[in-house]
Amino acid sequence: MNRKRTQIMQDVYLTYLGAKKFKTSALSAQFLTPLCTETASANALLPAVLHRGTMRCSDMVQLSAAMDRLYGAQMDDTVRKKGETQCVGFVASVIDDAFVPGGEHLLEPAAELLGELMLDPVTRNGRFLSEYVESEKANLIDDIRAVRNDKREWADLRLMQEMCAGEPYGVRRLGDEESARKLNNRKLYEHSQTLMSTSRLELFYCGSAEKERVIDALLHAFAALPRGRVEELPLPRRIAAPSEPRIITERMDVTQGKLSMGFRCESTDAPAMILANLMFGGYSNSKLFMNVREKLSLCYYASSQYARSKGILTVSSGIETKDYDRAREEILRQLQAVQQGQWEDWELPGARNTILSSLRALPDSQRALENWYLGQIATGQWETPEELARQLQEVTPERICAAAQSIRLDTVYFLQGKEE
């Protein structure tokens, strides 16, 4: 797959993946901005409002008709958190020109519509339409509130808020309800102008069109992009764990306790940490799943995740409140087993084969590729799935032990029932 990243305008970059095996072309435009409490909700609301219409297609009916004329193209608004960066914009999918009847070109009109959505939204008297903003604001607030209904997600969120308090990483992807409520059509429009003039724009294309043609289409589509002094994206900061872990217990009306644990990882050997996490709790044959859940029945579920850019490993589990002490001790015991190299012969090959299979599957999905490279770029990395796969194949058991031994417990969050 032909991969190149090129600057095509001031602080505007195109990641080009030439590929002829897909029947669609993927096109993405994402503004990258530092994640912070003051702007997170406005950034999250903006793409939903932009998606309501442009000056040429001023409502959803006209916008849908425009996409129907592009043989059913799709343009989805997105809000993503990558490390300590918030990424907002659109991801589009349109039939690749190689499969369009009569040789019609769809790349250029699709790029033009994408540019209109972001740069020429429907406005009135220098601001967004109030009815659009209020409608999408209500949806955003509902989404923010909805997290409380998923107690597993809520416990993991509360862990991050406590563990990373004062750090951008602790800010929610959608922001908070209080900030969202303060937004109106005037404030949001003013914010959009600031965001677009001071944020780096990352463009992504995957399809059969030649790179120069893609660049020309995007230069035309984004010619009106305002450019000012673009804010640099700070790299995610790694923080050391406290000398004593923080223990936080909260109560809600739940029948199943939620135990979430956060660890700081000092190791910068990312491939070794990825494998250590997989063996610990990152897949269905991990130590947490096989031992804590299956053999000992201490958890309804138990898994771990590793955030490479931030050097954070988290454990998420559902337990009976009476089993809190035993479950916590056993989770730490399984981590110690990984740190000391106490694993069966099949565990390392199993973990390695799992991640290698996932990486091999990435090039089969345009959306997965777009999400991969966006995450790489937003966190200051530039690594292909193939390059990471080669690095993972070179990791030795000694490297895994050394990386795992850098893991330190930072915060324990326990959500228990009110009756306990």
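See the structure shown above.
Residues numbered from 1 in each chain as written. Predicted model: local features only at pLDDT ≥ 70, side-chain atom pairs only at ≥ 80, totals over all residues. Heavy atoms only, no water.

Within a sheet, neighbouring strands are paired by backbone hydrogen bonds and run either parallel or antiparallel to one another. Spatial strand order, β7-β11-β8-β10-β9: five strands in an open sheet with mixed pairing. Of all strands in the sheet, those with a lone pairing partner are β7 (246-252) and β9 (301-307), marking the two edges. Within this sheet the neighbouring strands show an average axis-to-axis angle of 15 degrees, counted without direction. Summarising the sheet, β7 and strand β11 (residues 407-417) pair through seven bridges and their orientation is parallel. By the bridge assignment, Ile 248 is partnered in β11 with Tyr 413. On top of the sheet, helix α9 (residues 270-282) reaches β8 (257-265), β9, β10 (312-319) and β11; it is set at about 170 degrees to β9, its chief contact. Sheet contacts for helix α10 (residues 287-295): β9 and β10; angle to β9, the most-contacted strand, approximately 155 degrees. (Pairing = 2+ DSSP bridges. Helix = DSSP H or I, 4+ residues; strand = E, 2+ residues; numbered from the N terminus. Axes fitted to C-alpha atoms, helices over the stretch in contact; angles between N-to-C directions. Contact = heavy atoms within 4.5 Å.)

A few words now on the pairing of β9. In terms of burial, β9 is largely enclosed, as five of its seven residues are buried. Looking at chain direction, β9 and β10 are connected through seven bridges and run antiparallel. Bridge assignment links Ala 307 to a residue of β10, and that residue is Ile 312. Hairpin connection between β9 and β10: a loop of four residues separates the two successive antiparallel strands, and Gly 311 in this loop has a positive phi of roughly 65 degrees. (Buried < 20%, exposed > 50% of the residue type's maximum accessible area, 1.4 Å probe, protein only.)

At a closest axis distance of 10 Å, the pairing of α9 and helix α11 (residues 324-339) adopts a crossing angle of 140 degrees. The chirality of how α9 crosses α11 is right-handed. Contacts between α9 and α11 pair Ala 276, Met 279 and Phe 280 from the former with Ile 331, Gln 334, Leu 335 and Val 338 from the latter. Class assignment of the residues belonging to the contact of α9 with α11 gives a composition of six nonpolar, one polar and no charged. (Left-handed = near helix turned anticlockwise from the far one by under 90°. Nonpolar A, V, L, I, M, F, W, Y, C, P; charged D, E, K, R; others polar.)

A word on the environment of Glu 394. One can find Glu 394 in the loop between α14 (385-393) and α15 (397-404). Judged by relative accessible area, Glu 394 falls into the exposed class, the value being 56%. When the C-alpha positions of Glu 394 and Ala 272 are compared, they lie 9.3 Å apart, and in sequence the two are 122 residues distant. Once residues within four sequence positions are removed from consideration, Glu 394 is found in contact with Arg 352 and Arg 399.

We now examine helix α7 (residues 185-198). Helix length check: α7 (14 residues) gives 20 Å between terminal C-alpha atoms against 20 Å at 1.5 Å per residue, within 8%. Among all positions of α7, only Asn 185, Leu 188, His 191, Ser 192, Leu 195, Met 196 and Ser 197 are buried. On its buried face, α7 is in contact with β3 (24-34), α1 (37-50), β5 (85-95), α3 (107-119) and α4 (130-146). Where α7 begins, one side-chain oxygen reaches toward the backbone nitrogen of Arg 186, 3.1 Å away; that side chain belongs to Asn 184. (Expected span 1.5 Å × (residues − 1). Polar contact = N/O pair within 3.5 Å; in protein donor to acceptor, adjacent residues only side chain to side chain.)

Take Lys 82: it is sitting in strand β4 (residues 74-82). Despite its burial, Lys 82 remains without a salt bridge, the nearest opposite charge being carried by Glu 370 at 7.2 Å. Looking at Lys 82, its side chain comes within polar contact range of the side chain of Asn 371, at 2.7 Å. In contact with Lys 82, other than residues within four places in its own chain, are Cys 87, Asn 371, Leu 374, Gly 375, Ala 378 and Thr 379. (Lys, Arg positive; Asp, Glu negative; His and termini not counted. Salt bridge = Lys/Arg side-chain N within 4 Å of Asp/Glu carboxyl O.)

The subject of this paragraph is the nonpolar core. Ranked by size, the top nonpolar core spans 57 residues in total, and within it Leu 14, Leu 203, Leu 218 and Phe 222 carry the most contacts. Tallying contributions element by element places α3 first for this core, with seven residues. If we ignore the near neighbours within four places in the chain, the residues touching Leu 14 are Lys 4, Arg 5, Thr 6, Ile 8, Leu 203, Phe 204, Tyr 205, Val 214, Ile 215 and Leu 218. Counting 55 residues, the second-largest nonpolar core is a separate cluster that includes Cys 206, Ala 272, Met 273 and Val 292. (Core = buried A, V, L, I, M, F, W, Y, C linked by side-chain atoms within 4.5 Å.)

Enumeration over the complete set of coordinates arrives at four aromatic pairs. Between Tyr 16 and Tyr 205, the ring centres sit 5.9 Å apart and the planes meet at 15 degrees, which makes this aromatic pair stacked. Residue Tyr 16 is found in strand β2 (residues 12-18), and its partner Tyr 205 is found in strand β6 (residues 200-207); the two are separated by 189 residues along the sequence. For the pair formed by Tyr 16 and Tyr 205, the shared burial category is buried. Between the aromatic rings of Phe 128 and Tyr 189, the centroid separation amounts to 5.2 Å while the plane-to-plane angle is 80 degrees, which identifies the pairing as edge-to-face. Remark: Tyr 189 occurs in helix α7 and Phe 128 occurs in the loop between α3 and α4; sequence separation between them is 61 residues. For Phe 128, a relative accessible area of 2% corresponds to the buried category. (Phe/Tyr/Trp six-rings, centres within 6.5 Å; stacked < 30°, edge-to-face > 60°.)

Let us now look at the packing of α3 against helix α8 (residues 211-221). At a minimum axis distance of 8 Å, the contact between α3 and α8 shows a crossing angle of 35 degrees. At the point where α3 passes α8, the crossing takes the right-handed sense. The segment α3 lies against α8, with Leu 107, Glu 108, Ala 111, Glu 112, Gly 115 and Leu 119 engaging Arg 213, Val 214, Ala 217, Leu 218 and Ala 221. In terms of residue class, the contact of α3 with α8 is built from seven nonpolar, one polar and three charged.

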